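# Working through the structure, step by step
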Amino acid sequence: VQLVESGGGLVQAGGSLRLSCAASGRTFSSYAMGWFRQAPGKEREFVAIISGSGSRTTYTDSVQGRFTISRDNAKNTVYLQMNSLKREDTAVYYCAGRVGYYYADVQEYNSWGQGTQVTVSS
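Attention here is on the structure that accompanies the text. Remember, predicted model here, so these are calculated numbers, not experimental data.

Definitions and cut-offs
Residues numbered from 1 in each chain as written. Predicted model: local features only at pLDDT ≥ 70, side-chain atom pairs only at ≥ 80, totals over all residues. Heavy atoms only, no water. Helix = DSSP H or I, 4+ residues; strand = E, 2+ residues; numbered from the N terminus. Rg over C-alpha atoms; globule rule 2.2 N^0.38 Å. Buried < 20%, exposed > 50% of the residue type's maximum accessible area, 1.4 Å probe, protein only. Areas by Shrake-Rupley, 256 points an atom, 1.4 Å probe, with all protein chains shown as cover. Lys, Arg positive; Asp, Glu negative; His and termini not counted. Charge placed at Lys NZ, Arg CZ, Asp CG, Glu CD. Core = buried A, V, L, I, M, F, W, Y, C linked by side-chain atoms within 4.5 Å. Disulfide = S-S within 2.5 Å. Salt bridge = Lys/Arg side-chain N within 4 Å of Asp/Glu carboxyl O.

Moving on to the overall build of the protein chain. When helices and strands are counted, the protein chain shows zero helices and eleven strands. What you see in the protein chain, going N to C, is helices and strands ordered as β-β-β-β-β-β-β-β-β-β-β. Its C-alpha radius of gyration of 13 Å places the protein chain within 12% of the 14 Å reference for a compact globule of 122 residues. Projected onto its principal axes, the C-alpha positions of the protein chain cover 40 × 25 × 25 Å. Residue burial in the protein chain is summarised as follows: out of 122 residues, 45% are buried. For the protein chain, the exposed surface amounts to about 6200 Å²; the carbon and sulfur share of it is 44%. Taking the average location of the 12 positive side-chain charges in the protein chain and that of its 9 negative ones, the two points are 6 Å from each other.

Core analysis: the largest hydrophobic core is formed by 26 residues, its most contacted members being W35, L80, M82 and Y93. Looking at this core, the elements that each hand over two or more residues are β3 (17-23), β4 (31-38), β5 (45-50), β7 (67-72), β8 (77-82), β9 (91-99) and β11 (116-121). Ranked by residues supplied to this core, first place goes to β3 with four residues. In this structure, A32, A96, V106 and Y109 belong to the second largest nonpolar core, which totals eight residues.

Throughout the structure, instances matching the rule amount to one disulfide. With its sulfur 1.9 Å from that of its partner, C21 forms a disulfide with C95. Because the sign of the S-S torsion sets the handedness, a value of about 40 degrees for the bond joining C21 and C95 places this disulfide among the right-handed ones. With C21 in strand β3 and C95 in strand β9, the pair connects residues that are 74 residues apart, well separated along the chain.

Moving on: the pattern of salt bridges. Taken as a whole, this structure holds four salt bridges when the rule is applied. Across the pair D89 and R37 runs a salt bridge, and its minimum N-O distance is 2.9 Å. Taken together, the residues D89 in the loop between β8 and β9 and R37 in strand β4 connect sequence positions 52 residues apart. The same class applies to D89 as to R37, namely buried. Note that D89 is salt-bridged to R66, the shortest N-O span being 2.8 Å.

Here the focus is the side chain of S111. Counting through the fold element by element, S111 comes out in strand β10 (residues 111-112). S111 sits in the buried class, given a relative accessible area of 11%.

Written out as structure tokens, the structure is:
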């Protein structure tokens, strides 16, 4: 599956952004999808994941209650709604997909988008 992210940008702390990830192909619902991020000088880390049906989600502790992952399988799109943004959320955000179970491990995903920059200013 090919993935294309959009929706990143510059926002003030406390603000909101909504990221989108459009996928190609006709089997999108068989893919678990995830959002990951990488800040300068740091390793890529898990942010949120969602099962193929959209019924199950998991978040890293630092975004729990602020971010919401969702998907629309009819539109082959996964979203990340980010509220109450903090400076430490600044990073390049990537969406990723894998057939089957929705692991939180970066290494489990074999389809990646090109990334979209999110910058949170104080």
